[in-house]
Amino acid sequence: MEDQTQHEEASPEVQKRIQDSFDRQGLMSNLGARITHIGPGRVHIELASRPEVTQQHGYFHAGATSAIADSAGGYAAYTLFPEDADVLTVEYKINLLAPAVGDRIEAVGTVLKAGRTLTVCQLEVFGVQNDGERKLVANGQQTLIRVNRPAP
């Protein structure tokens, strides 16, 4: 049974803050990644298959897979932070469970435990076909730190 919070939307203000921050990330732009869902403590990021994000066998490169997973978790945590805070990854571990194949991959970051300073997220990456078939290709865990935004 699906968790109802999977489809819950963050407030318009939080969605704008997350999207604006995401749009400033050069790597996500360069990869062609896009956010497809922003909910409280949950963010989805998709990356379409193209030769530029694959490795020599035609699978999505582990670096691309890991990068969108890291960003999905970071932004999931950021949805729960106050407006004057920023987020940085402290560490993450990812297990590559199967070759990342599909028309796209989708990273899902979900907050497991939000603290005052450290937040822990679950990371999942799915290979997704255009017909809707999904396969878990990577999973992991991430620790993030909340930092005060420097004064302008």
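Rules used throughout
Residues numbered from 1 in each chain as written. Predicted model: local features only at pLDDT ≥ 70, side-chain atom pairs only at ≥ 80, totals over all residues. Heavy atoms only, no water. Helix = DSSP H or I, 4+ residues; strand = E, 2+ residues; numbered from the N terminus. Contact = heavy atoms within 4.5 Å. Pairing = 2+ DSSP bridges. Axes fitted to C-alpha atoms, helices over the stretch in contact; angles between N-to-C directions. Phe/Tyr/Trp six-rings, centres within 6.5 Å; stacked < 30°, edge-to-face > 60°. Lys NZ or Arg CZ within 6 Å of the ring centre and 35° of its normal. Core = buried A, V, L, I, M, F, W, Y, C linked by side-chain atoms within 4.5 Å. Buried < 20%, exposed > 50% of the residue type's maximum accessible area, 1.4 Å probe, protein only. Expected span 1.5 Å × (residues − 1). Arc of directions from axis to C-beta.

**What about the environment of Glu8?**
Thought 1: Locating Glu8 in the fold gives a position in the segment before α1 (12–23).
Thought 2: Through-space distance from the C-alpha of Glu8 to that of Ala69 is 20 Å; in sequence the pair is 61 residues apart.
Thought 3: Those residues in contact with Glu8, other than ones at most four positions away along the chain, are His37, Ile38, Gly39 and Pro40.

**Here's the deal with the sheet that holds strand β2 (residues 42–48)**
As a general point, the strands of a sheet are linked pairwise by backbone hydrogen bonds and lie either parallel or antiparallel.
Thought 1: Strand order across the open sheet formed by six strands is β1-β2-β4-β5-β6-β3, with antiparallel pairing between neighbours. Two strands in the sheet have a free side with no partner beyond their single neighbour: β1 (34–39) and β3 (85–96). Taken over all neighbouring pairs, the strand axes of this sheet differ in orientation by 20° on average, direction set aside.
Thought 2: Looking at chain direction, strand β4 (residues 104–114) and strand β5 (residues 118–128) are connected through ten bridges and run antiparallel.

**Let's talk about the environment of Phe60**
Thought 1: Looking at the secondary structure, you find Phe60 in the loop between β2 and α3 (62–78).
Thought 2: It is 35 Å that separates the C-alpha atoms of Phe60 and Arg116, two residues lying 56 residues apart in sequence.
Thought 3: In this view, Phe60 contacts Leu47, Ala48, Ser49, Val53, Thr54, Gln55, Thr65, Ala100, Val101, Gly102, Arg104 and Ile105; residues no more than four positions away in its chain are not counted.

**Re the packing of aromatic side chains**
Thought 1: Tallying each qualifying case throughout the model produces three aromatic pairs.
Thought 2: Ring geometry for Phe22 versus Tyr75: centroids 6.0 Å apart, planes at 65°, classification edge-to-face. Here Tyr75 lies in helix α3 and Phe22 lies in helix α1, a separation of 53 residues in the sequence.
Thought 3: Grouped by ring-pair contacts, the aromatic residues Phe22, Tyr75, Tyr78 and Phe81 constitute a single cluster.
Thought 4: Lying across the ring of Tyr78, Arg17 places its NZ or CZ 4.7 Å from the centre.
Thought 5: It is Arg146 that lies over the ring of Phe81; its NZ or CZ is 5.9 Å from the centre.

**Brief notes about the nonpolar core**
Thought 1: If you look at the biggest cluster of nonpolar residues, it comprises 37 residues, and the most contacted ones within it are Leu31, Ile45, Leu47 and Ile68.
Thought 2: At nine residues, the largest contribution of residues to this core is made by α3.
Thought 3: Not counting residues within four places of it along the chain, the set of residues in contact with Leu31 comprises Leu47, Arg50, Val53, Ala64, Ala67 and Ile68.

**Topic: α3**
Thought 1: Helix length check: α3, at 17 residues, gives a terminal C-alpha distance of 24 Å against a target of 24 Å (1.5 Å per residue), a fit within 8%.
Thought 2: Summarising burial for α3: 15 of the 17 residues are buried, a large majority.

**Structural notes on the environment of Leu96**
Thought 1: Positionally, Leu96 belongs in strand β3.
Thought 2: Between the C-alpha atom of Leu96 and that of Thr36, which follows or precedes it by 60 residues, the distance is 22 Å.

**Here's the deal with the pairing of β1**
Thought 1: As paired strands, β1 and β2 are joined by five bridges and run antiparallel to one another. When the sheet's bridge partners are listed, Ile35 is paired in β2 with Ile45.

**Observations regarding α1**
Thought 1: Helix length check: α1 (twelve residues) gives 16 Å between terminal C-alpha atoms against 16 Å at 1.5 Å per residue, within 8%.
Thought 2: Within the span of α1, buried status applies to Val14, Arg17, Ile18, Ser21 and Phe22. Viewed along the axis of α1, the buried residues span an arc of 130°, placing them on a single side of the element. Away from its buried face by more than 90 degrees, α1 exposes Pro12, Glu13, Lys16 and Asp23.

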